[in-house]
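Topology and contacts: notes
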Number of protein chains: 2
Amino acid sequence: MTAALSELVQSAAPRFRTATEFVEATLREAILSGAIAPGTPLRQEELAATFKVSRMPIREALRQLEAQALVDFEPHRGAVVVQITLLDAMDNYAIRAALEPQALRHSIPHLSETDFDLAEELLAEIDQETDPGRMGELNRRFHMTLYAQAGLPRLIALTEQHLATADRHLRFHLAAVGDMGQDEHRELLSACRDRDVERAVATLSRHHNRAREAMSAYFASRDGGKA
Amino acid sequence: MTAALSELVQSAAPRFRTATEFVEATLREAILSGAIAPGTPLRQEELAATFKVSRMPIREALRQLEAQALVDFEPHRGAVVVQITLLDAMDNYAIRAALEPQALRHSIPHLSETDFDLAEELLAEIDQETDPGRMGELNRRFHMTLYAQAGLPRLIALTEQHLATADRHLRFHLAAVGDMGQDEHRELLSACRDRDVERAVATLSRHHNRAREAMSAYFASRDGGKA
DNA sequence: AATTGTTAGATTGGATCCAATCGACAGGCA
DNA sequence: TGCCTGTCGATTGGATCCAATCTAACAATT
């Protein structure tokens, strides 16, 4: 873990106002990207060393991550990167299936040609991309582009947070997810261009359901295979 | 603020494992209940004195509240209790309108007679209650009773969090909200008893829309009256 | 052999201390 | 008069220090 984290620390050091912000953002990125595996205990002293700060900003950052459900805190036993269970995945899908259509409904009327062009471009990039991690990020940006004009900052932030968590789940359990659902992506974008809210929401729901069932099937086969 | 907060501090002191937990829970309760008004700056030294701890647990708690969007943090200027604007209220309604039906859908199949009886009892208590703060809490417990069997802990926690925030908005802007929508509450409960998911969700939506429009109209009249 | 009590080390929770930054106010200058 | 600038008090950000608690290994007893 230290190795992968160190790179992140170096690259993103000097664009934060406080050490706590720096640690929080970098650590979150590391957890979401999988650079730190689920279940890893986060030793404060160790983190302080790799970030080259004292334990205090580490502790504040860990508290924020706890509130975002990215780490578990146990008194006197420290923080651990949250595990990924089937329940977590289903929980996350239920939340996204609620939030994303809502964001989309509010956003569609305010989407501009610029937004559509950006989304189009992201789809093209996804087609060419092979690295799964990078594909996940492009996928996230495509979706968020369509939600971004909702004009409700908290709704958007929550949506982005849970989309990122979904990415993390995928990365760990379906590392070689070949199909991002590009057909559905294109139909979704087309519906948005037509300002057809109902068709867009329906397409998004199909998108979610397909992904959820794939994840569910994966867990079933895995647990069925070993238990 | 200190006066109202001091009572909370006294009453709820010794049932927490760490000081940070104690501060976080108490402070959140104080913000949500309105004991600390929106816009109030939260001086760390002052809070440390009223809680009789050092500044460190205060800071950790404030970070958690920041992640829950209950306080704003500005580097070197400290934490402030978030304001309540029309945008915040609409944002919150959009989130609840997304999350609560989802929670209800998952919960209805698993609700038991005990749950229905509890909900019924809460409705009766609401009828007799006159204190607006207490009414808000009963309302919250009624709704959460119906969502509680969803079996998705994160979805439930998010829902509760935003329901509590909605309560806070109401308390500040519609202090004398006489009508909690008991008719809709009863219809909602009835639909749940019948396991009629679609009717329950439709009723809940009406409930949300009515409340959202009341809040919206309030802001319109207030800002129209003064601006 | 298994279970329980004990003790040492590691690690966290909390307190205290110092440095950096912000805001207000006073005084100089055009 | 109005604006800029520099200093000072207040307050936060971060570091270091101490106390409380947990874990694990080992010893003693049954």
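The preceding data block contains the structure.
To start, this report covers the structure provided alongside it. (Residues numbered from 1 in each chain as written. Chains lettered and ligands numbered in written order. Predicted model: local features only at pLDDT ≥ 70, side-chain atom pairs only at ≥ 80, totals over all residues. Heavy atoms only, no water.)

1. Digging into the protein's contact with DNA strand C
Selection criterion: Near residues are defined by distance, with any heavy atom within 4 Å of the molecule or strand qualifying the residue. We call two N or O atoms a polar contact when they sit within 3.5 Å, provided that within protein one can donate a hydrogen and the other can accept it, with sequence-adjacent residues counted only if both atoms are side-chain atoms. Three classes are used: nonpolar for Ala, Val, Leu, Ile, Met, Phe, Trp, Tyr, Cys and Pro, charged for Asp, Glu, Lys and Arg, and polar for all others, with Gly counted as polar.
Near DNA strand C, the surroundings consist of 17 residues, among which Arg59(A), Ala19(B), Ser54(B), Met56(B) and Arg77(B) are the closest. Among the atoms of DNA strand C close to the protein, meaning within 4 Å, 71% are from sugar or phosphate groups. In this structure, Arg43(A) approaches DNA strand C through a side-chain N or O atom, which is 3.0 Å from a phosphate oxygen. Interatomic distance of 3.0 Å between a side-chain N/O atom of Thr20(B) and a phosphate oxygen of DNA strand C. Along the lines of polarity and charge, the residues of the surface near DNA strand C split into six nonpolar, seven polar and four charged.

2. Digging into the interface of chain A and chain B
Think of interface size as the accessible area that goes away when the parts come together; that is how it is often given. We count it as follows: Whether two residues are in contact is decided by their heavy atoms, any of which lying within 4.5 Å being enough. Summed over both partners, the accessible area (1.4 Å probe) lost when two parts come together is defined as the buried area. For this analysis, a salt bridge means a side-chain nitrogen from Lys or Arg found within 4 Å of a carboxyl oxygen belonging to Asp or Glu. A helix here means a DSSP run of H or I that spans at least four residues, while a strand means a run of E at least two residues long, and both kinds are numbered starting from the N terminus.
In this assembly, 33 residues from chain A lie in contact with 33 residues from chain B. Across the chain A to chain B interface the summed buried area is about 2900 Å²; carbon plus sulfur atoms make up 62%. Summed over the three residues of chain A that lose the most area to chain B, namely Glu60(A), Arg63(A) and Arg154(A), the buried surface amounts to 21% of that side. Between the two partners, chain A and chain B, sit six salt bridges. With a closest N to O distance of 2.8 Å, Arg59(A) and Glu60(B) form a salt bridge. Counting the contacts that link chain A with chain B gives twelve residue pairs in polar contact (both at pLDDT 80 or more). Broken down by secondary-structure element, the contributors of at least two residues to the side of chain A that touches chain B are helix H2 (19-33), helix H4 (55-67), helix H5 (86-107) and helix H8 (153-173) of chain A. Here the side of chain A that touches chain B takes ten residues from H5(A), the largest share from any one element.

3. Considerations on the sheet that holds strand S3 (residues 78-81) of chain A
Residues and elements named next belong to chain A. In plain terms, the rule: Two strands qualify as a pair provided that DSSP identifies no fewer than 2 bridges between them.
An order of S1-S3-S2 is seen for the three strands of this open sheet, with the pairing classed as antiparallel. Each of the sheet's edge strands pairs with one partner strand only, and the pair in question is strand S1 (41-42) and strand S2 (71-74). Here S1 pairs with S3 via two bridges, running antiparallel. For Pro 41, the partnering residue across the bridge sits in S3 and is Val 80.

4. Quick look at the protein's contact with DNA strand D
For DNA strand D, the set of nearby residues contains 17 residues, the closest of which are Ala19(A), Ser54(A), Met56(A), His76(A) and Arg77(A). Looking at DNA strand D alone, sugar and phosphate atoms form 71% of those within 4 Å of the protein. Contact distances for DNA strand D include 3.0 Å between a phosphate oxygen and a side-chain N or O atom of Thr20(A). Note that a base nitrogen of DNA strand D is positioned 3.1 Å from one of the side-chain N or O atoms of Arg55(B). Going through the elements one at a time, H2 and H4 of chain A together with helix H4 (55-67) of chain B are the ones with two or more residues in the surface near DNA strand D. Of the residues in the surface near DNA strand D, the class split is six nonpolar, seven polar and four charged.

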